[in-house]
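Structural overview for review
Chain by chain, the residues run as shown.
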Amino acid sequence: MSTPPPPPDLALPRWAYVPGETAEAEADHDTLAVARKLVPSRFRGHVPARHPALRYALALNTAGYFWESQEILEAVWAAAPQGGRERILLRACIQIANANLRLRMAKSHAAARFFREALAGLDELGTRKATPAGDGFADGATMGALAALLRAKLAQPALSEADWIDIAVIGRM
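Fair warning: this is a prediction, and the values are worked out from it, not measured in the lab. (Residues numbered from 1 in each chain as written. Predicted model: local features only at pLDDT ≥ 70, side-chain atom pairs only at ≥ 80, totals over all residues. Heavy atoms only, no water.)

Let's talk about the packing of aromatic side chains
- Taken as a whole, this structure holds two aromatic pairs when the rule is applied.
- Each ring, one from F66 and one from W164, has its centre 5.4 Å from the other, and the planes form 50 degrees; the classification is tilted. Linking F66 in helix 3 (residues 66–79) with W164 in the segment after helix 6 (143–155), this pair joins segments that are 98 residues apart in sequence.
- Assessed through its relative accessible area of 30%, W164 is described here as partly exposed.
- When the ring centre of F114 is taken as reference, the NZ or CZ atom of R113 above it lies at 4.6 Å. (Phe/Tyr/Trp six-rings, centres within 6.5 Å; stacked < 30°, edge-to-face > 60°. Helix = DSSP H or I, 4+ residues; strand = E, 2+ residues; numbered from the N terminus. Buried < 20%, exposed > 50% of the residue type's maximum accessible area, 1.4 Å probe, protein only. Lys NZ or Arg CZ within 6 Å of the ring centre and 35° of its normal.)

Okay, structure coming up:
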């Protein structure tokens, strides 16, 4: 599955922010602010799978902007309905983006912890009833591929920067 490009009015940041390598002031907050403005204060019922801020966050992760992806995913998560399936899936995606960032920072143990937490979330999501005809982010998404990828990464003796995970494998965007 390939992630659609970010919506045309949402440019990729000018650089990827990496804590400890670039100053916080050097994060491209202006570019991310445009995407944050697309997130409503609350989603009603579910988070649409095709919401532009969500698509942008997935595209950021795919392009290697892990910190930036996490920032937008957190904004979408905060607006997601409490107790909803999307909220669980978004949390897992946030943890994976955070793990990817930790791998870039050569903190493989922290990355493995975030991958384990994401896998636990996906396992919990598997116990929740899906809505096959819905258009929510978690409806009809194929979390099995993502869970299998996480298990394979966690089974390795050590993780490296090359072991980052593209969260776009979850499905139907």
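Side note on the packing of helix 1 (residues 29–36) against helix 2 (residues 52–62)
- Remark: helix 1 packs on helix 2, axes separated minimally by 9 Å, with the N-to-C direction vectors making an angle of 145 degrees. Together, T31, L32 and A35 of helix 1 and A53, Y56 and L60 of helix 2 make up the contact between the two elements.
- For the contact of helix 1 with helix 2, the per-class residue count stands at five nonpolar, one polar and no charged. (Axes fitted to C-alpha atoms, helices over the stretch in contact; angles between N-to-C directions. Contact = heavy atoms within 4.5 Å. Nonpolar A, V, L, I, M, F, W, Y, C, P; charged D, E, K, R; others polar.)

Some remarks on the pattern of salt bridges
- Within this structure, the stated rule accounts for seven salt bridges.
- Linking E71 and R36 is a salt bridge whose minimum nitrogen-to-oxygen distance equals 3.0 Å. Taken together, the positions of E71 in helix 3 and R36 in helix 1 put the pair 35 residues apart, joining distant regions of the chain. (Salt bridge = Lys/Arg side-chain N within 4 Å of Asp/Glu carboxyl O.)

Concerning unusual backbone geometry
- A positive phi angle is found at A106, which is not glycine, with a value near 65 degrees.
- Residue placement: A106 occurs in the loop between helix 4 (85–104) and helix 5 (108–126).

A look at the packing of helix 3 against helix 4
- One can describe the packing of helix 3 onto helix 4 by two numbers: an axis separation of 9 Å at closest approach and a directional angle of 165 degrees. In this view, helix 3 runs roughly antiparallel relative to helix 4, as classed from their interaxial angle. For helix 3 against helix 4, the interelement crossing comes out left-handed. The residues of helix 4 that touch helix 3, namely those facing F66, W67, S69, Q70, L73, E74, V76, W77 and A78, are R87, L90, R91, C93, I94, A97, N98, N100, L101 and R104. (Parallel < 35°, antiparallel > 145°, perpendicular 65-115°, else oblique. Left-handed = near helix turned anticlockwise from the far one by under 90°.)

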